[in-house]
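Next come the chains, spelled out residue by residue.
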Amino acid sequence: MSREALIVAHGQPSAPVPPELWLMGFAKAVQDHLPGWNIRAATLAMPGALERQASEIAEGSQVFPMFMADGWFVGKVLPKRLNGAPLTILPPLGFDQNLPDFAANTVRDALANRGWREPESHLLVAAHGSARGPKAAESAQAFRDALSKRFESLKITVGFVEEAPFIEQAARGLPRQTLCLPFFALEGDHCREDIPEGLEKAAFSGDLLAPLGSWPQVAQMVAHSLKTAR
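Residues numbered from 1 in each chain as written. Predicted model: local features only at pLDDT ≥ 70, side-chain atom pairs only at ≥ 80, totals over all residues. Heavy atoms only, no water.

A few points about the sheet that holds strand β4 (residues 88-89)
Phase 1: With parallel pairing, 4 strands are arranged side by side in an open sheet as β2-β1-β3-β4. Both outer strands of the open sheet, β2 (37-43) and β4, are each paired with one neighbouring strand and no more.
Phase 2: As defined by bridge partners, strand β1 (residues 3-9) adjoins β2 across 7 bridges and the pair is classed as parallel. Directly across from V8, in β2, lies its bridge partner A42.
Phase 3: Strand contacts of helix α3 (residues 72-82): β1, β3 (62-66) and β4, with the helix running at about 135° to β3, the strand carrying the most contacts. (Pairing = 2+ DSSP bridges. Helix = DSSP H or I, 4+ residues; strand = E, 2+ residues; numbered from the N terminus. Contact = heavy atoms within 4.5 Å. Axes fitted to C-alpha atoms, helices over the stretch in contact; angles between N-to-C directions.)

Digging into the packing of helix α1 (residues 17-32) against helix α8 (residues 218-228)
Phase 1: Relative orientation of the contacting elements α1 and α8 amounts to 65°, with a least axis distance of 8 Å. The handedness of the crossing between α1 and α8 comes out as right-handed. Taking contact as the criterion, the partners of F26, A29 and V30 in α1 are, on α8, V218, A219, V222, A223 and L226.
Phase 2: Within the contact of α1 with α8, the residues separate by chemical class into 8 nonpolar, no polar and no charged. (Left-handed = near helix turned anticlockwise from the far one by under 90°. Nonpolar A, V, L, I, M, F, W, Y, C, P; charged D, E, K, R; others polar.)

A closer look at the layout of surface pockets
Phase 1: The computed volume of the largest pocket comes to approximately 1,200 Å³.
Phase 2: Taken together, 40 residues form the lining of the largest pocket, with H10, F67, F73, H128 and H190 sitting closest to its centre.
Phase 3: Taken together, the elements giving at least two residues each to the lining of the largest pocket come down to α1, α3, α5 (135-148) and α7 (189-201).
Phase 4: The residue inventory of the lining of the largest pocket, partitioned by class, reads 21 nonpolar, 13 polar and 6 charged. (1 Å grid on protein atoms, 1.4 Å probe; cavity = no way out; pocket = protein on both sides within 12 Å on 5 of 7 lines; lining within 4 Å. Points joined across faces, edges and corners; volume = space filled by probe spheres on them.)

So, α1
Phase 1: In this model α1 runs 23 Å from its N-terminal to its C-terminal C-alpha over 16 residues, within 8% of the 22 Å that 1.5 Å per residue would give.
Phase 2: Against the buried residues of α1 lie β1, β2, α2 (49-56), β3 and α8. (Expected span 1.5 Å × (residues − 1).)

Structural notes on the sheet that holds strand β5 (residues 122-127)
Phase 1: Strand order across the open sheet formed by 4 strands is β6-β5-β7-β8, with parallel pairing between neighbours. This sheet does not close on itself; its edge strands, each paired only once, are β6 (155-160) and β8 (207-208).
Phase 2: Pairing analysis gives 2 bridges linking strand β7 (residues 178-182) to β8, with the strands arranged parallel. Looking across to β8, one finds that L179 is bridged to D207.

Considerations on the environment of H128
Phase 1: Looking at where H128 falls in the secondary structure, it is placed in the loop between β5 and α5.
Phase 2: The contacts of H128, once residues within four sequence positions are left out, are F160, V161, E162, F184 and H190.
Phase 3: Polar contacts involving the side chain of H128 include one to the side chain of H190, which spans 3.3 Å. (Polar contact = N/O pair within 3.5 Å; in protein donor to acceptor, adjacent residues only side chain to side chain.)

A word on the pairing of β5
Strand residues, when the strand is regular, have side chains that alternate between the two faces of the sheet.
Phase 1: Counted residue by residue, β5 has 6 buried out of 6 residues, so it is predominantly covered.
Phase 2: Residues H122, L124 and A126 point to one face of β5 and L123, V125 and A127 to the other, with burial holding for every one of them.
Phase 3: Each parallel crossover has a hand, and the one from β5 via α5 to β6 is right-handed.
Phase 4: Where β5 lies against β7, 5 bridges are found, and the strand directions are parallel. Residue pairing in the sheet places A126 in a bridge with P182 of β7. (Buried < 20%, exposed > 50% of the residue type's maximum accessible area, 1.4 Å probe, protein only. Right-handed = clockwise from strand over helix to strand, strands pointing away.)

Function cannot be inferred from these measures alone, as they are strictly geometric.
So, in structure tokens, the structure goes:
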């Protein structure tokens with residue numbers, strides 16, 4: 001009998017279908033690294049999708065939250081929507097123990113591909129933040145702290161979409177050799193609109209990377225986390 005897991009993301013209430021389709025493709029990519037597994041997917045924004053998956057999946061299966069913070073959605077909304085289903089909720093993507101090493105290696109590759117030396121370079125982590133509570137900002141700061149330990153001289157700062165320091169403030173005056181890393185699980189409006197607009201207002205001259213959760217290697221990382229979870 002195959003093992004099962006369910007990957008859950010927030011999605012986009014205003015346009016739920018595209019993120020739902022993306023997450024289904026991501027689940028397939030994760031399954032490609034897990035022969036014999038059945039990887040399901042559902043966003044909170046797609047009406048009825050999560051409830052349907054939770055009712056069909058095998059008892060004891062794992063739920064992997066494609067969220068960057070361990071906040072209200074992961075701690076309150078997700079368990080409520082699972083409606084007592086006997087499933088194991090794993091730490092969200094932003095707190096995955098493999099994420100700092102994975103991200104550090106990818107940032108090193110990005111710097112090397114541009115011929116940028118670490119001591120003269122900068123990394124701006126663009127995160128969501130929230131005016132409603134500290135969890136979102138704490139997640140981004142914890143990621144920054146963990147990432148800093150994996151570099152000798154790369155300067156790393158954080159800017160937020162929904163709280164100070166805002167992206168525009170954090171990006172102003174940064175050197176040309178700056179990478180902006182969106183600390184987001186999916187590429188929604190914040191990544192397509194808010195972050196680029198903030199960078200433009202700051203006259204940012206560095207390079208904007210793809211959102212962290214959309215990197216192709218993340219599927220392998222999630223597969224490893226599912227396989228080794230206890």
